[in-house]
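Architecture at a glance
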Amino acid sequence: MTEAVLWLRGSKAGIGPIRTDLIEQYWKWEQEIPTIVGFNRQTPQQMATTREIYTSAYEGSSDRQIKFTVYDLGRPEPTPVGTAMLLLDLGLDVAEYTISIGEEAARGRGVGTEATLLVLDYAFHVTGLECVYLTVLEPNTGAITAYERAGFRRQGLRRNSNKWLGHRVNEVHMDAVPAEFPGPSQVKIQLRTQ
């Protein structure tokens, strides 16, 4: 296994670049039922699609996407457990956020929350974004709680606009802005210590 490169690290989670040696693992995580339901996909994703998503940054779209491998730091070595992505609109200095924690053992332990906080830190203090936003299905209360703990705030609902487990549900719109970043900024800490 390739050694983990961590751009930012907290006590539970770290984030680093996408790794081509993990493409098959990313695909396997995306085939898990919680991931399929959480992303509101009705069908599994093909390996070719996953490969395109995670390698497209190397083929000219890096100015529109920042992709991260999420690591669990609560193990003897940093262990890849998921992915996160910022879909950039640099004309407006905003991005849409997605995250997927694929390893079941890493769910419910705060790894996703801390990884989200680290991605926001990167977004605000490295990329210089003014707003990061997301949409989550209202019944996905665990995700909503994790996003709120990381600094996202609810902005509103789009009513009856999606489905969850075969039933019509609302979408919750959330955003985060630099002025409300809960910190501490690992980016700023690194710059002071180097």
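For the structure, check the block above.
First, a word on scope: everything that follows refers to the structure included in this document. Keep in mind that what you see is a predicted model, and the values were worked out from it rather than measured. (Residues numbered from 1 in each chain as written. Predicted model: local features only at pLDDT ≥ 70, side-chain atom pairs only at ≥ 80, totals over all residues. Heavy atoms only, no water.)

Moving on, we come to the overall build of the chain. A count of helical and extended segments in the chain gives six helices and eight strands. In terms of overall size, the chain behaves like a compact globule, its C-alpha atoms giving a radius of gyration of 16 Å where 194 residues would be expected to give roughly 16 Å. Every one of the 194 residues in the chain was classed for burial, and the buried ones make up 43%. Side-chain charges in the chain split into 20 positive and 23 negative, and the spacing between the mean points of these groups amounts to 5 Å. (Helix = DSSP H or I, 4+ residues; strand = E, 2+ residues; numbered from the N terminus. Rg over C-alpha atoms; globule rule 2.2 N^0.38 Å. Buried < 20%, exposed > 50% of the residue type's maximum accessible area, 1.4 Å probe, protein only. Lys, Arg positive; Asp, Glu negative; His and termini not counted. Charge placed at Lys NZ, Arg CZ, Asp CG, Glu CD.)

Tallied over the full model, the rule gives six salt bridges. For Arg19, the salt bridge goes to Asp21, with nearest N and O atoms at 2.8 Å. A relative accessible area of 8% places Arg19 in the buried class. We note a salt bridge from Arg154 to Glu148, for which the minimum N-O separation is 2.8 Å. Salt bridges sharing common partners tie together Asp72, Arg75 and Arg109. (Salt bridge = Lys/Arg side-chain N within 4 Å of Asp/Glu carboxyl O.)

Strand order in the open sheet formed by eight strands is β1-β2-β3-β4-β5-β6-β8-β7, with mixed pairing between adjacent strands. Looking at which strands have only one partner, the edges of the open sheet turn out to be β1 (8–9) and β7 (153–164). The pairing of strand β4 (residues 79–89) with strand β5 (residues 94–101) spans eight bridges and is antiparallel. From the neighbouring strand, Met85 faces β5, where its bridge partner is Thr98. (Pairing = 2+ DSSP bridges.)

Another aspect to go through is the packing of aromatic side chains. Evaluated as defined, the whole model comprises eight aromatic pairs. Summarising the aromatic geometry, the rings of Trp7 and Phe68 are spaced 5.9 Å apart at their centres and angled 85° between planes, so their arrangement reads as edge-to-face. Taken together, the residues Trp7 in the segment before β1 and Phe68 in strand β3 (residues 65–72) connect sequence positions 61 residues apart. We classify Phe68 as buried; its relative accessible area is 0%. Between Tyr147 and Phe152, the ring centres sit 5.8 Å apart and the planes meet at 65°, which makes this aromatic pair edge-to-face. For the pair Tyr147 and Phe152, one class covers both residues: buried. Through pairs of rings, three or more aromatic residues link up here, namely Trp7, Phe68 and Tyr122. (Phe/Tyr/Trp six-rings, centres within 6.5 Å; stacked < 30°, edge-to-face > 60°.)

Looking at the element boundaries, Asn162 is found in strand β7. There is a polar contact of 2.7 Å between the side chain of Asn162 and the side chain of Glu171. (Polar contact = N/O pair within 3.5 Å; in protein donor to acceptor, adjacent residues only side chain to side chain.)

Before going further, it helps to spend a moment on helix α3 (residues 47–55). For α3, the set of buried residues is Thr50, Tyr54 and Thr55. Down the axis of α3, the sector holding all buried residues measures 110°, keeping them to one side. Residues of α3 that are buried make contact with α1 (23–30), β3 and β4. (Arc of directions from axis to C-beta. Contact = heavy atoms within 4.5 Å.)

There is about 1,200 Å³ of room inside the largest pocket. For the lining of the largest pocket, the class distribution of residues is 20 nonpolar, 17 polar and seven charged. (1 Å grid on protein atoms, 1.4 Å probe; cavity = no way out; pocket = protein on both sides within 12 Å on 5 of 7 lines; lining within 4 Å. Points joined across faces, edges and corners; volume = space filled by probe spheres on them. Nonpolar A, V, L, I, M, F, W, Y, C, P; charged D, E, K, R; others polar.)

The contact between α1 and α3 brings their axes to 9 Å, and the two run at 120°. By the angle class used here, α1 and α3 are oblique. Crossing of α1 against α3: the hand is right-handed. Residues Ile23, Glu24, Tyr26, Trp27 and Glu30 of α1 touch α3, and the partners they reach there are Met47, Thr50, Arg51, Tyr54 and Thr55. In terms of residue class, the contact of α1 with α3 is built from five nonpolar, two polar and three charged. (Axes fitted to C-alpha atoms, helices over the stretch in contact; angles between N-to-C directions. Parallel < 35°, antiparallel > 145°, perpendicular 65-115°, else oblique. Left-handed = near helix turned anticlockwise from the far one by under 90°.)

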